[in-house]
Amino acid sequence: MWRSRVISSAVGGGGRSRNKLFSSICSTTPVPAPCIVHKRGSDILHDPWFNKDTGFPLTERDRLGLRGLLPPRVISFQQQYDRFMESFRSLEHNTQGQPLTVVSLAKWRILNRLHDRNETLYYRALIDNIKHFAPIIYTPTVGLVCQNYSGLFRRPRGMYFSAKDKGEMMSMIYNWPAKQVDMIVLTDGSRILGLGDLGVQGMAIPIGKLDMYVAAAGINPQRVLPIMLDVGTNNHHLLENPLYIGLRQPRLEGEEYISVVDELMEALHARWPKAVVQFEDFQFKWAFETLERYRKKICMFNDDIQGTAGVALAGLLGTVRAQGRPLSDFANQKIVVVGAGSAGLGVLNMAYQAVARMAGPKAKPQFFLLDKNGLITTERVGVESAAAPFSKPIEEVKSLGLHEGSDLLDVVKKVKPHVLLGLSGVGGVFNEDVLKAMRNSDSSKPAIFAMSNPTLNAECTAADAFKHAGENIVFGSGSPFENVDLGNGKVGHVNQANNMYLFPGIGLGSLLSGARIISDGMLQAASECLASYMTEEEIQMGRLYPSIDSIRHITAEVGAAVIKAAVAEELAEGHCEVGPKELAHMSKEECVEYVTSNMWYPIYSPLVHEK
Ligand SMILES: NC(=O)C1=CN([C@@H]2O[C@H](COP(=O)(O)OP(=O)(O)OC[C@H]3O[C@@H](n4cnc5c(N)ncnc54)[C@H](O)[C@@H]3O)[C@@H](O)[C@H]2O)C=CC1
Ligand SMILES: CC(=O)C(=O)O
Ligand SMILES: [Mg+2]
């Protein structure tokens, strides 16, 4: 039995992991570990990490100088939870019939206010209602929040570094109050979902991703750090907005840009050398470059390139199974990828690697890549170096009646793909004609993945996909859609093909293994774990990914797979009291148990004051 860490002692607060140590000693309900707090009185009430609102027991009120600062009656955690959920339901009821954007922002506001006031209650509400709340704190509403962030901003969360901080970052990093940081999500706001350059307003993305880390991976919220690196924006609309809260200057470019990122990475690594850093929503021209620059030096990954690739590959393998074919048939699948950016190229990279493993390095995958200028072939002038390996040989293209730059409809008609996968950021690009052309797919169960976010940027809606491409398709989308009623009691199942199924497990597995870096092998293990998670029966029903309700379970499995891969590649240096040798001796089940027991869970811990 692997003992969990007693988190409180390490971070001076928040000793709220489910504690196996206690449960193995006591036969009764485990007592939560006490949590050390270095403040007293109203300072505690204004600190969302420690605040319990009316939930402070009387003894604690005495101990912490809170007596008289709260109404006399003590309200239990359960009562507080019920009251919050009741006000959320009232809000839903009272906003019925109002425009979707108004309702969505109102829901985000009520959750955000709780987040700012009482983190324990917030995360319990999030974990227990993840299916309902993920679309608010994550895609699609987080996109709307980013678009309006300057107006919505009330209280700071995370850290802001800007081009004006050059030379200061190494000292600024010590302004962050937590001694320990495990998980960092960093953006420069240059490609927020499919919404483009939103400058400093992109900060809602790292915050939302880290909320998912807490909910899905049980990362202690006291140890997460969302970071915005504001190097300016090229969004004229924002530059002209007098209330814009970011730097009002064009984006830094070239050497100037990279030197600022270098400085920040050095500062982060110097203070928290074991923290995992996730790069998020960097524009294409910097996404690959920064990944290659840092991935051999520190424990980091790019979620849009690597997390997305793993989730997409799991979905693609699922579609092979859904067709009733052996997995090795993946090498013969005709896949049209629409969007040759960070995400699309990440997917193709991983898909090519999978084919090479299955069918040998000489295999020639039938993958087709399109960008805004159409089909990318070896005749393309000025092709990006990251896209070049996926350019289709022109002779092959011509033999199909296609040419350099063929449009999507023509490609779908001539190729008759098994899979159409969109990562273009362009809403509706899978139009009626394109979807109808998928009816002539060579697959008995064609797959359509409209993976772009948020909802309006999806390549097609779920309803249109089933309506035009036929009821036998398998469908996935980056943002959630309702299942589609096909009539006669039949339902078109909607999968959420989103990197949220992998990034929490990649991050947690990397952290708990103490991996020096995040290797391709670790990412592949994560993807394979997700791919094999679904049963044959589920796959036959068109379910490629599990329900988000079981996200902690999936994350535990993925995290364990990542740890095992890190150990196998001798990258694991261990974490806290669990060293690499102990990790190596864990069975798969023990490893899943180790990951699970390290997941933080929100309960009120007794607070103990220390000067
Ligand atoms: N579901 C998920 O988990 C994820 C979804 N995404 C989504 O993928 C989208 C793209 O992200 P990135 O690759 O980082 O963006 P990017 O800007 O790097 O790439 C976009 C690509 O789409 C191409 N494109 C634009 N218009 C097109 C058109 N009409 N037809 C065909 N291709 C077109 C561009 O030429 C470019 O190659 C975004 O909407 C993002 O939200 C990204 C990561 C994860
Ligand atoms: C999901 C995600 O990472 C994106 O749309 O960028
Ligand atoms: Mg992203």
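About the criteria used
For every chain, the first residue of its written sequence is number 1, and the numbers climb from 1 along that sequence. Just so you know, chain letters begin at A and ligand numbers begin at 1, following the order they were written in. Restriction of local features to residues with pLDDT of at least 70 applies here, the model being predicted, together with a cutoff of 80 or more for giving and counting side-chain atom pairs; totals for whole chains, interfaces and linings are based on all residues. For the side-chain quantities, the full set of heavy atoms in the structure was used; hydrogens and water were omitted. UniProt positions are given in the numbering used here, feature names are shortened, and annotations may be inferred rather than shown by experiment. Under the DSSP-based scheme used, a helix requires at least four consecutive residues in state H or I and a strand at least two consecutive residues in state E, with every element numbered from the N terminus. With C-alpha atoms as the basis for the radius of gyration, the globule rule is written as 2.2 Å multiplied by the number of residues raised to the power 0.38. Throughout, exposure labels follow a simple rule: accessible area from a 1.4 Å probe, protein chains only, divided by the maximum for the residue type, with under 20% read as buried, over 50% as exposed, and the rest as partly exposed. Water is absent from the atoms considered, so a metal site may look incomplete; donors are defined as N, O and S atoms within 2.8 Å of the metal, or 3.2 Å for Na, K and Ca. In what follows, salt bridge is the name for a side-chain nitrogen of Lys or Arg lying within 4 Å of a carboxyl oxygen of Asp or Glu. For this purpose, a residue is taken to be near a molecule or strand whenever a single non-hydrogen atom of the residue falls within 4 Å of it. Here a polar contact is recorded for every N or O atom pair within 3.5 Å, except that within protein the pair must consist of a potential hydrogen donor and a potential acceptor, and residues adjacent in sequence are included only if both atoms are side-chain atoms. Side-chain classes are defined by residue name, with Ala, Val, Leu, Ile, Met, Phe, Trp, Tyr, Cys and Pro counting as nonpolar, Asp, Glu, Lys and Arg as charged, and the others, Gly among them, as polar. Pairs of residues are marked as contacts when any of their non-hydrogen atoms sit within 4.5 Å. Both cavities and pockets are sets of points on a 1 Å grid over the protein atoms alone; in a cavity a 1.4 Å probe fits but cannot get out, in a pocket the set is open with protein on both sides within 12 Å along at least five of seven lines, and lining residues sit with an atom within 4 Å of a point. Grid points are joined across faces, edges and corners, and a volume is the space filled by probe spheres set on the points. Only strands joined by at least two bridges in the DSSP assignment are considered to pair. All accessible-area figures derive from a Shrake-Rupley calculation using a 1.4 Å probe, and residue coverage is judged against the displayed protein chains alone. Axis angles are defined between N-to-C directions and span 0 to 180 degrees, where every axis is a line fitted to C-alpha atoms and, for a helix, only to the segment in contact.

The name an unreviewed UniProt entry gives the protein chain is Malic enzyme, with Tagetes erecta as the organism. Quoted verbatim from the Sequence similarities (unreviewed entry) field of the UniProt record, the comment on the protein chain reads "Belongs to the malic enzymes family." UniProt's Subcellular location (unreviewed entry) comment on the protein chain is quoted here verbatim: "Mitochondrion matrix".

Caption draft 1: Representation of the overall build of the protein chain in the model. Each helix and strand in the protein chain was counted, giving 27 helices and 16 strands. For 611 residues, the compact-globule estimate of 2.2 N^0.38 gives 25 Å, and the protein chain sits close to it at 24 Å. With respect to the principal axes defined by its C-alpha atoms, the protein chain has extents near 80 × 55 × 55 Å. Within the span of the protein chain, comprising 611 residues, buried residues form 61% of the whole.

Caption draft 2: Broad picture of the coordination of the magnesium ion (ligand 3). Of the protein atoms, only Glu280 (OE), Asp281 (OD) and Asp304 (OD) coordinate the magnesium ion (ligand 3), at distances of 2.1 Å. Look at where the donors of the magnesium ion (ligand 3) fall in the sequence and you get E-D-x22-D. Linking Glu280 in the loop between strand S5 (276–279) and helix H15 (284–294) with Asp304 in helix H16 (residues 303–322), this pair joins segments that are 24 residues apart in sequence. Each of the two residues, Glu280 as well as Asp304, counts as buried.

Caption draft 3: Layout of the pattern of salt bridges. Using the criterion set out here, one finds 33 salt bridges in the structure. Across the pair Asp303 and Lys209 runs a salt bridge, and its minimum N-O distance is 2.9 Å. Taken together, the residues Asp303 in helix H16 and Lys209 in helix H12 (residues 204–217) connect sequence positions 94 residues apart. The exposure classification of Asp303 matches that of Lys209, with both residues buried.

Caption draft 4: Looking closely at the site of ligand 2. In the region of ligand 2, the neighbouring residues are Tyr138, Arg191, Leu193, Lys209, Glu280, Asp281, Asp303, Asp304, Asn453, Asn498 and Asn499. Note that an oxygen atom of ligand 2 is positioned 3.0 Å from one of the side-chain N or O atoms of Asn499. The class makeup of the residues in the shell around ligand 2 is 2 nonpolar, 3 polar and 6 charged.

Caption draft 5: Here's a closer look at the environment of Arg89. Looking at where Arg89 falls in the secondary structure, it is placed in helix H5 (residues 77–94). What makes Arg89 partly exposed here is its relative accessible area of 44%. As for Arg89 and Thr461, which are separated by 372 residues in sequence, their C-alpha atoms are 27 Å apart.

Caption draft 6: Just the UniProt feature "binding site: (S)-malate" (unreviewed entry) in the protein chain, in detail. As recorded in UniProt, the feature "binding site: (S)-malate" (unreviewed entry) lies at Arg191, Asn453 and Asn498. In this view, Arg191 contacts Gly196, Asp281, Phe282, Gln283 and Asp304; residues no more than four positions away in its chain are not counted. Within polar-contact distance, the side chain of Arg191 engages the side chain of Asp281 at 3.1 Å. With respect to the helices and strands, the residue Asn498 is situated in the loop between strand S15 (494–496) and helix H22 (503–513).

Caption draft 7: Quick peek at the UniProt feature "active site" (unreviewed entry) in the protein chain. Taking the UniProt record as the reference, the feature "active site" (unreviewed entry) is found at Tyr138 and Lys209. Sequence-wise these annotated residues cover 72 residues; spatially they are packed, their C-alpha atoms never more than 7.0 Å apart. Positionally, Tyr138 belongs in the loop between helix H8 (130–137) and helix H9 (141–147). With a relative accessible area of 5%, Tyr138 lands in the buried category. Residue contacts for Tyr138: discarding those within four places in its chain leaves Gly208, Lys209, Met212, Asn498, Asn499, Met500 and Phe503. Not counting chain neighbours up to four residues away, the residues in contact with Lys209 comprise Tyr138, Val185, Gln278, Glu280, Asp303, Asn499 and Phe503.

Caption draft 8: View of empty space enclosed by the protein. Tallying each qualifying case throughout the model produces 5 cavities of 30 Å³ or more. The calculated volume of the largest cavity comes to roughly 230 Å³. In terms of lining residues, the largest cavity is bounded by 19 residues, among which Trp108, Asn112, His115, Tyr149 and Ile207 are the most central. No other element matches the 5 residues that helix H6 (residues 100–117) contributes to the lining of the largest cavity. Here the lining of the largest cavity is built from residues that sort into 11 nonpolar, 3 polar and 5 charged.

Caption draft 9: Focus on the sheet that holds S15. What the 7 strands build is an open sheet, ordered S9-S8-S7-S10-S11-S12-S15; its pairing is mixed. Looking at the sheet topology across the chains shown, the edges are occupied by strand S9 (374–375) and S15. As judged from the 4 bridges shared by strand S7 (residues 334–338) and strand S10 (residues 419–422), these two strands associate in the parallel manner. Looking at the pairing, Val337 lines up with Leu421 of S10.

Caption draft 10: Structural context of the site of ligand 1. As a structural note, the neighbourhood of ligand 1 is formed by 26 residues, with Arg191, Ala340, Ala343, Ala497 and Asn499 the closest of them. In this structure, Ala343 approaches ligand 1 through a main-chain N or O atom, which is 2.9 Å from an oxygen atom. Within the backbone of Ala497, an N or O atom sits 3.0 Å from a nitrogen atom of ligand 1. With the chains in place, 85% of the 870 Å² that ligand 1 exposes on its own is no longer accessible. Mapped onto the shell around ligand 1, the elements with two or more residues apiece are H16 and helix H17 (342–359). Residue classes in the shell around ligand 1 are distributed as 10 nonpolar, 12 polar and 4 charged.

Caption draft 11: Spotlight on the sheet that holds strand S2 (residues 159–162). Reading across from one edge, S2-S4-S3-S5-S6 is the order of the 5 strands in this open sheet, with parallel pairing throughout. Only two strands of the sheet have a single neighbouring strand rather than two, namely S2 and strand S6 (300–302). For this sheet, the mean angle separating the axes of adjacent strands, direction not counted, is 20°. Here 3 bridges tie S5 to S6, and the two strands are oriented parallel to one another. Counterpart to Phe279 in the pairing with S6 is Asn302. Packed onto the sheet, H15 meets S5 and S6 and runs at close to 160° relative to S6. Set on the sheet, H16 makes contact with S5 and S6; between it and S6 the angle comes to about 75°.

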